[in-house]
Amino acid sequence: MGSNGIRDRVAIVGMGCTAFGEHWGRSVANMLVESTNAAAQSAGIDLPDIDAFWLGTQGSGVSGLTLSRTLRIADKPVTRVENFCATGSEALRQACYAVASGAYDVAMAVGVEKLKDSGYSGLVGTAVPDDGTVGMNDMTAPAAFSLLAPAYAERYGVDQDQLKDVLARIAWKNHVNGARNERAQFRKEVPIERIKAAPPVAGMLGVFDCSGVSDGSAAAIVVRAEDAHRYTDKPIFVKALSFVAGAATGTSDPDYDFTTFPEVVASAQDAYRQAGVTDPRTQIAMAEVHDCFTPTELVLMEDLGFSERGQAWKDVQAGAFDLNGELPVNPDGGLKAFGHPIGASGLRMMFEAWLQLRGEAPAERRIDSLAEGRRLALTHNLGGAPGECVSFVSLVGAEPGA
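Given the structure is predicted, the values throughout are model-derived calculations rather than measurements.

Peer 1: Is there a simple way to think about the sheet that holds strand β9 (residues 284-288) in this case?
Peer 2: Paired through backbone hydrogen bonds, the strands of a sheet run either parallel or antiparallel to each other. Taken in spatial order, the nine strands line up as β3-β2-β4-β7-β1-β8-β11-β10-β9 in an open sheet, and their pairing is mixed. Two strands in the sheet have a free side with no partner beyond their single neighbour: β3 (78-81) and β9. Strand after strand, the sheet turns through a mean of 25 degrees between neighbouring axes, direction not considered. Of the pairings in the sheet, the one linking strand β2 (residues 52-56) to β3 comprises four bridges and is parallel in character. Bridge assignment links tryptophan 54 to a residue of β3, and that residue is threonine 79.

Structure (structure tokens):
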């Protein structure tokens, strides 16, 4: 049984997001101040008037003091959370449910990560023996996710050269979108032939098939839906929040073939049930998905129900998920171009939904599907590896009841 959901009971009334990138001259505190102040300003609220805080970070802080010391906030609950690359989404989910429960009137979810001068690339830290997370994590992330590509090609009879073209087109699309985003880490379009000719990293993956390693922070302020218009005339209403952790049996299950993330399927189905979505391809206006690697985005199109099984590669080639396509995916550039500071990525995805649904995204990357009457945005965030991951799916909209 899935969660009961809190459809239209909570609204996001303020958001802030730093630029993502190589911020050698900025500290965790610098980025937290920027994102939280921007969120507070957009909601017309002072930080001391927020009742409770959830801080998501994987390796840039070990307690709530990381936030309270920085913001000079005394005697408020600050909960530090971590859930692999879905950490920022976990912070948002917990803040939303705390408000929906009536425990707090106003809550903030914050995500932050400073990776570039940590010495790490990707997930930071070391898995503790017997903590339940040791498995494919003894492989590099590119190696683990590279297994998706040949598995997909074999199952669906796609020539590997043709699949390489598909993966390159995913990277190309996200760089096109990132080039139109002032906050993105990578702001240049990259020709498909250059993407295909890039130095190899693992398996079929080249440099341009991998998301960036970044510093950055993002924040959101949530209140009860009935209070939303006290803070903004354009709130975003939460329709669904679903978070699942898998049993992590993929690598030991002979039936697992690396062409799906079962956890994504489960969280998507739960979120669609909460929000009343029956046809995601036609009901959702845009999606921000966890494109840590290009084959991940390919597989997610099918797991999220945007494409039929074995058909996503054709939809990618047809431009269905382009900025002006039927269902724009990663209009801000995604992890691929925007960057991936682990604790902030989930909230960065929501920031793009916030901008697009409020009509505040720059004109050069504003999506057409909103003008066509669709009013829902989806964010998807995962952490872990194929066969053993956590997955988050949210749905939000600009109107209650829609």
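Further notes follow.
Peer 1: Where do I start with the nonpolar core in this structure?
Peer 2: A general trend in soluble globular proteins is that nonpolar side chains are found buried together. Judged by nonpolar contacts, the single largest core of 52 residues is most densely connected at Leu163, Leu298, Leu304 and Phe306. Discounting residues that sit within four places of it in the chain, phenylalanine 306 has contacts with Tyr272, Pro280, Arg281, Ile284, Ala287, Met301, Asp315, Phe321, Leu327 and Leu378. Residues Val10, Ile12, Ala285 and Ala353 belong to the second largest nonpolar core, which totals 45 residues.

Peer 1: Looking at this structure, how should I read the side chain of aspartate 8?
Peer 2: Counting through the fold element by element, aspartate 8 comes out in the segment before β1 (10-17). When neighbours within four sequence positions are excluded, aspartate 8 is seen to be in contact with Ala225, Phe237, Val238, Lys239, Glu399, Pro400 and Gly401.

Peer 1: When you look at the pattern of salt bridges in this model, what are you seeing that I'm missing?
Peer 2: Opposite charge on two side chains allows them to pair when their charged atoms are near. Inspection of every chain in the model, using the stated rule, returns 30 salt bridges. The salt bridge involving aspartate 215 is made with lysine 114; its shortest N-O contact spans 3.0 Å. With aspartate 215 in strand β7 (residues 215-224) and lysine 114 in strand β4 (residues 106-114), this residue pair connects regions lying 101 residues apart in the sequence. Assessed through its relative accessible area of 0%, aspartate 215 is described here as buried.

Peer 1: How should helix α10 (residues 294-303) be read in this particular structure?
Peer 2: In an α-helix, one full turn covers 3.6 residues, which means residues spaced three or four apart are oriented alike. For α10, the tally of buried residues reaches 10 of 10 residues, placing the bulk of the element in the interior. Turning to α10, its buried residues are Thr294, Pro295, Thr296, Glu297, Leu298, Val299, Leu300, Met301, Glu302 and Asp303. Looking at the residues trailing α10, positive phi occurs at glycine 305, about 80 degrees.

Peer 1: So what exactly am I meant to see when it comes to the packing of helix α6 (residues 160-178) against α10 here?
Peer 2: Two quantities define a packed helix pair, namely the angle between the axes and the distance from one axis to the other. Remark: α6 packs on α10, axes separated minimally by 9 Å, with the N-to-C direction vectors making an angle of 95 degrees. By the angle class used here, α6 and α10 are roughly perpendicular. Touching Leu163, Val166, Leu167, Ile170, Ala171, Lys173 and Asn174 of α6 are Thr294, Pro295, Glu297 and Leu298, all from α10. In terms of residue class, the contact of α6 with α10 is made up of seven nonpolar, two polar and two charged.

Peer 1: Explain the state of the cysteines to me, please; I cannot follow it from the model alone.
Peer 2: Working definition of a disulfide: a covalent bond connecting the sulfur atoms of two cysteines. With the rule as written, the count across this model stands at zero disulfides. For cysteine 85, which is in no disulfide, the shortest distance to another cysteine sulfur is to cysteine 292 and amounts to 7.0 Å. Left without a disulfide partner, cysteine 96 is nearest to the cysteine sulfur of cysteine 17, which lies 17 Å away. Cysteine 96 sits in the buried class, given a relative accessible area of 0%.

Peer 1: For this particular structure, what's the right way to read unusual backbone geometry?
Peer 2: Of note in this structure, aspartate 75 is not a glycine but carries a positive phi near 65 degrees. Residue position: aspartate 75 is located in the loop between α2 (65-71) and β3. Relative accessible area serves as the criterion here: at 80%, aspartate 75 is assigned to the exposed category. Even without glycine at this site, asparagine 330 takes up a positive phi of about 60 degrees. Residue placement: asparagine 330 occurs in the loop between α11 (312-318) and α12 (334-338).

Peer 1: Can you walk me through the environment of valine 106 in this structure?
Peer 2: Here valine 106 lies in strand β4. On the basis of relative accessibility, which here comes to 4%, the residue valine 106 falls in the buried class. Valine 106 sits 48 residues away from glutamate 154 along the chain, and the two C-alpha atoms are 50 Å apart. Every residue in contact with valine 106, bar those within four places of it in the chain, is listed here: Ile45, Asp49, Ile50, Asp51, Ala52, Val99, Ile221, Val222, Val223 and Tyr231.

Thresholds applied
Residues numbered from 1 in each chain as written. Predicted model: local features only at pLDDT ≥ 70, side-chain atom pairs only at ≥ 80, totals over all residues. Heavy atoms only, no water. Pairing = 2+ DSSP bridges. Helix = DSSP H or I, 4+ residues; strand = E, 2+ residues; numbered from the N terminus. Axes fitted to C-alpha atoms, helices over the stretch in contact; angles between N-to-C directions. Core = buried A, V, L, I, M, F, W, Y, C linked by side-chain atoms within 4.5 Å. Buried < 20%, exposed > 50% of the residue type's maximum accessible area, 1.4 Å probe, protein only. Contact = heavy atoms within 4.5 Å. Salt bridge = Lys/Arg side-chain N within 4 Å of Asp/Glu carboxyl O. Parallel < 35°, antiparallel > 145°, perpendicular 65-115°, else oblique. Nonpolar A, V, L, I, M, F, W, Y, C, P; charged D, E, K, R; others polar. Disulfide = S-S within 2.5 Å.

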